[in-house]
Amino acid sequence: MSDNVEIATIEILNGIQGSIAQLRTETLARFDKLEASLRKDRRNAAGMLVMMRATAGDFDARVSEVEERVTAPEARAL
């Protein structure tokens, strides 16, 4: 009877060890995918920031041009 218990215990422990190894492999694969996704998101965020700055700069230039057009007639009227 004790031989059966020892064999069963060893089989259970081997099963647990296999499950842990499989979990570790799956976890590492998920981390790799997450890392790749984070790199992609960082790159996309940097691109969006560049586009936002360019858009804000263009908007500022256009508003300044309109302000100059408005102030020029006002200056002549005085």
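Whatever comes next refers back to the structure up there.
Quantities reported herein were computed from a predicted structural model and do not represent experimental measurements. (Residues numbered from 1 in each chain as written. Predicted model: local features only at pLDDT ≥ 70, side-chain atom pairs only at ≥ 80, totals over all residues. Heavy atoms only, no water.)

*Asks:* Break down the pattern of salt bridges for me, citing the residues and quoting the values.
*Replies:* Any two side chains of opposite charge can pair, on the condition that their charged atoms come close. Under the definition given, this model contains 3 salt bridges. With a shortest N-O distance of 3.1 Å, Arg39 and Glu35 are connected by a salt bridge. You can see Arg39 and its partner Glu35 sitting in helix 1 (residues 2–77), 4 residues apart, about one turn around the helix. Classification of Glu35 as partly exposed rests on a relative accessible area of 45%. Put simply, Arg69 and Glu65 hold a salt bridge, and the shortest N to O gap is 2.8 Å. With Arg69 and Glu65 both in helix 1, this residue pair falls 4 residues apart, about one helical turn. On the basis of relative accessible area, Arg69 is assigned to the exposed category, the value being 58%. (Salt bridge = Lys/Arg side-chain N within 4 Å of Asp/Glu carboxyl O. Helix = DSSP H or I, 4+ residues; strand = E, 2+ residues; numbered from the N terminus. Buried < 20%, exposed > 50% of the residue type's maximum accessible area, 1.4 Å probe, protein only.)

*Asks:* Describe a nonpolar patch on the surface, with residues and values.
*Replies:* On the surface, Ile12, Leu13, Ile16 and Ile20 cluster together into a nonpolar patch covering about 400 Å² of accessible area. Considering the arrangement of structural elements, one finds Ile12 in helix 1. (Patch = residues over 30% accessible without salt bridge, like charges linked within 9 Å, V, L, I, M, F, W, Y side chains within 5 Å. Areas by Shrake-Rupley, 256 points an atom, 1.4 Å probe, with all protein chains shown as cover.)

*Asks:* Describe the environment of Asn14, and please don't skip the residues or the numbers.
*Replies:* Along the chain, the position of Asn14 falls in helix 1. When its relative accessible area of 46% is taken as the criterion, Asn14 is described as partly exposed. Put simply, Asn14 and Glu35 are 21 residues apart on the chain and 31 Å apart in space, counted from C-alpha to C-alpha.

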